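Secondary and tertiary structure notes
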Amino acid sequence: MDYPVFDNHVHLQRRGRYIDALKEFERKGGTGLMLIALPPSEMADFDTYFLRMYEEGASLRDGALSSTQLEVLLAVGPYPVTMVEMAARVGLEEAERRMMDAAELAGRFVSEGRADAIGEVGRPHFNVPGELMEASNRIMEACMREARSAGCPVILHTEDPTPESLLDLSSIASRAGIDRGRVIKHHCTDLIGPEENHGLFPSIMATRSIVFSAAGKGTRFMMETDYIDDPSNPGAFMGIGTVPRRTRELVERGVLTEDDVWKVNGDNPARMYGREVLAGRGR
Ligand SMILES: [Zn+2]
């Protein structure tokens, strides 16, 4: 293969396959990925909770860089579901304050060059009481503002996308003053047209039907697995080899040309993250 293969949403865990999974990705043609830091499994020691989360993400990324030839980028930020769990323990107000601090800390990680994006942040993907959703919207907006100041993209975890919900997210982006094109909708479907996503950038699930439908409309998207690397639940979500396989299918079946693939897997991430993530160009 002489084109890049980029997975825009990957989780890794030290107790999971970690380097082994990265080597499989590389062997199958992967050239780069966005690693999204996971919150600690223990809801404890809230004073250092987010710092530990971000530092573990940075450490996993450093290990990935030294063990493979992959371009590995990192996103850190307060995970939206953490807000729900934290509010149940310390109350809504205190949880919001801590999530806001975590947004600021994420901005600092990017400014210091220890992370490349703020994510995954946003609001719960399930129904929660109104005041919890309002607090989550305020936190999401704060994360967008941090991303704007740090000059990086923000990666959103929210409810399943519809043109209406994406319009709502894009108006929050406008309020935060961040360029909509730097707001990435994670877990997106084939809504890659501007009238469908209102300028947000789609990171689409790498299922065959979604990818083929999106690729039939254009090249303004990235693909993702949301690989979870959970040894206790190995069948959950897509395998780490999915984006390489899907990319190959797109070319073999003539849905995209190799030039188009360069746009999706090379130019789009490079433009978004300001990094050379192109195949074989190294670091
Ligand atoms: Zn995720």
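Bear in mind the structure is a predicted one, so any value in this text is a computation, not a measurement. (Residues numbered from 1 in each chain as written. Predicted model: local features only at pLDDT ≥ 70, side-chain atom pairs only at ≥ 80, totals over all residues. Heavy atoms only, no water.)

1. Quick look at the pattern of salt bridges
So the rule is basically this: What makes a salt bridge here is a side-chain nitrogen of Lys or Arg within 4 Å of a carboxyl oxygen of Asp or Glu, nothing more. Burial classification: accessible surface area is computed with a 1.4 Å probe over protein chains only, and a residue below 20% of its type maximum counts as buried, one above 50% as exposed, and the rest as partly exposed. Numbering of helices and strands starts at the N terminus; helices are DSSP runs of H or I of at least 4 residues and strands are runs of E of at least 2.
Taken as a whole and assessed by the stated rule, the structure comprises 23 salt bridges. Residues Arg17 and Glu24 are paired through a salt bridge, measuring 2.8 Å at the closest nitrogen-oxygen approach. Residue class for Arg17 comes out partly exposed when judged on its relative accessible area of 34%. A residue is classified by how much of its surface remains accessible, and Glu24, at 12% relative accessible area, is buried. Salt-bridge contacts for Arg97 lead to Glu94; the nearest nitrogen and oxygen are separated by 3.2 Å. Of this pair, Arg97 and Glu94 are both found in helix α4 (residues 92-111), three residues apart, which corresponds to roughly one turn of the helix.

2. Structural notes on unusual backbone geometry
Note that the residue after Gly119, namely Glu120, is joined by a cis bond; omega there is -10°. By the secondary structure assignment, Glu120 is in strand β4 (residues 117-122). We note that Tyr18 has phi near 45°; this positive angle belongs to a residue other than glycine. Its location among the elements puts Tyr18 in the loop between β1 (6-10) and α1 (19-27). Taking relative accessible area as the criterion, Tyr18 reaches 10% and is therefore assigned buried. Within the chain, Asp229 stands out as a residue other than glycine whose phi angle is a positive 55°. Mapped onto the secondary structure, Asp229 falls in the loop between β8 (222-224) and α9 (242-252). What makes Asp229 buried here is its relative accessible area of 3%.

Geometry only, nothing functional implied.
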